[in-house]
Amino acid sequence: MKLNVVLYHPEIPQNTGNIMRSCVGFHAKLHLIKPLGFSLDEKHLKRSCLDYFDHLEYEVYENFEDFQNKNKGKYYFLSRYGHKSPIEIDFKKEEQDIYLILGAESTGIAYDILKDHLEDCYRIPTTNKVRSLNLSNCAAIVLFLASCQLQDEEIFNDEPDCFKGKNFLEDLDLTKLDTIHKEYE
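Note that the coordinates shown come from a computational prediction; the quantities given were computed from them, not determined experimentally.

**What to know about the overall build of the protein**
Across its full length, the protein carries 7 helices and 6 strands. N-terminal to C-terminal, the α/β element order of the protein is β-α-β-α-β-α-β-β-α-β-α-α-α. In terms of its C-alpha atoms, the protein occupies a principal-axis envelope of roughly 60 × 40 × 35 Å. Out of the 185 residues in the protein, the part that is buried amounts to 38%.

**Details of the sheet that holds strand β5 (residues 98-102)**
With parallel pairing, 6 strands are arranged side by side in an open sheet as β3-β2-β1-β5-β4-β6. Looking at strand neighbours, the two that pair on one side only are β3 (58-61) and β6 (121-122), the edges of this open sheet. Here 5 bridges tie strand β1 (residues 3-8) to β5, and the two strands are oriented parallel to one another. Paired with Val6 across the bridge in β5 is Ile101. Strands β1 and β2 (29-33) of the sheet are contacted by helix α1 (residues 13-25), whose axis makes an angle of about 150° with β2.

**Digging into the pairing of strand β4 (residues 74-78)**
Here is the key point about a regular strand: its side chains alternate between the two faces of the sheet. Counted residue by residue, β4 has 5 buried out of 5 residues, so it is predominantly covered. Burial along β4 is two-sided: Lys74, Tyr76 and Leu78 and Tyr75 and Phe77, pointing in opposite directions, are all buried. The pairing of β4 with β5 spans 5 bridges and is parallel. Each residue of the ladder has a partner; that of Lys74, found in β5, is Ile98. Across 2 bridges, the pairing between β4 and β6 is parallel.

**With respect to the pattern of salt bridges**
One pass over the structure, following the stated rule, counts 9 salt bridges. Note that Asp158 and Lys166 form a salt bridge whose closest N and O atoms lie 3.9 Å from each other. Under the relative-accessibility criterion, Asp158 is labelled partly exposed at 40%.

**Concerning the state of the cysteines**
Cysteine pairs can be covalently joined through their sulfur atoms, and such a bond is termed a disulfide. Going through the model one piece at a time under the given rule, you end up with 0 disulfides. In this model Cys148 remains outside any disulfide bridge; the closest cysteine sulfur is found in Cys23, 16 Å from its own.

**Topic: the environment of Leu78**
As for its placement among the helices and strands, Leu78 is situated in strand β4. Note on Leu78: relative accessible area 11%, which makes it buried. In the structure, Leu78 is positioned 57 residues away from Leu135 in sequence and 9.9 Å away in space, judged by C-alpha atoms. Not counting the four nearest positions on each side in its chain, Leu78 is found in contact with Pro86, Ile101, Leu102, Ile109, Tyr122, Ile124 and Val142.

**Regarding the nonpolar core**
Ranked by size, the top nonpolar core spans 27 residues in total, and within it Val5, Leu7, Ile19, Leu30, Leu100 and Leu102 carry the most contacts. Taken together, the elements giving at least two residues each to this core come down to β1, α1, β2, β4, β5 and α5 (135-150). Within the second largest apolar cluster, 14 residues are counted, among which are Tyr8, Phe64, Phe67 and Leu114.

**Some points on the packing of α1 against α5**
Two measures define how a pair of helices packs: the angle their axes make with one another and the distance between the axes. At a closest axis distance of 8 Å, the pairing of α1 and α5 adopts a crossing angle of 15°. One element, α1, and the other, α5, form an angle in the roughly parallel class. The way α1 lies across α5 gives a crossing that is right-handed. Across from Asn15, Asn18, Ile19, Ser22 and Cys23 in α1, the residues of α5 making contact are Leu135, Ser136, Ala139, Ala140 and Leu143.

**Looking at α5**
With 16 residues, α5 should cover 22 Å at 1.5 Å per step; its first-to-last C-alpha distance of 22 Å lies within 8% of that length. For α5, the set of buried residues is Leu135, Ser136, Cys138, Ala139, Val142, Leu143, Ala146 and Ser147. What you see down the axis of α5 is that its buried residues fit within an arc of 155°, all on one side. Gln151 sits one or two residues past α5 and shows a positive phi near 50°.

Criteria and cut-off values
Residues numbered from 1 in each chain as written. Predicted model: local features only at pLDDT ≥ 70, side-chain atom pairs only at ≥ 80, totals over all residues. Heavy atoms only, no water. Helix = DSSP H or I, 4+ residues; strand = E, 2+ residues; numbered from the N terminus. Buried < 20%, exposed > 50% of the residue type's maximum accessible area, 1.4 Å probe, protein only. Pairing = 2+ DSSP bridges. Contact = heavy atoms within 4.5 Å. Axes fitted to C-alpha atoms, helices over the stretch in contact; angles between N-to-C directions. Salt bridge = Lys/Arg side-chain N within 4 Å of Asp/Glu carboxyl O. Disulfide = S-S within 2.5 Å. Core = buried A, V, L, I, M, F, W, Y, C linked by side-chain atoms within 4.5 Å. Parallel < 35°, antiparallel > 145°, perpendicular 65-115°, else oblique. Left-handed = near helix turned anticlockwise from the far one by under 90°. Expected span 1.5 Å × (residues − 1). Arc of directions from axis to C-beta.

Limitation: the analysis is restricted to geometry and does not speak to function.
This is how it looks when you write it as structure tokens:
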């Protein structure tokens, strides 16, 4: 079973770049459904994704039908029109690939697609002061919820040793703080 994020007609390269980074961090594959509001080699996209692009598993599709034909599994649609919170999803029960589908920043997911999948539409609860949350924030929220339930063994609870390591703070010599900050800049 694989965790996947699907962006339906993404428009803003910075959002997609942030989602790419989240996909790498949560061990998820990214699916991009055209039209895209940017080029995949655009500098804004690469700046948001940083150097994680080399670790990203992704695929691009001509349209939603193309995506559906190539990807079988359980689809979860994130939309302001959903009547359930994604916290209600039991990701652990899924034996097939999981697809978290998010729509374009300005228009969301096409109404006909949502209407065909009403039982699988979820809304991240917010106050009545905002119409919706930022797309990359929504992706991070649902990726985190799914990852917590699925307990992917490739996701570390502690800082990996290849970075600062689990016991960085415990072992930190505060008298050398200036040297340490310069080392990690």
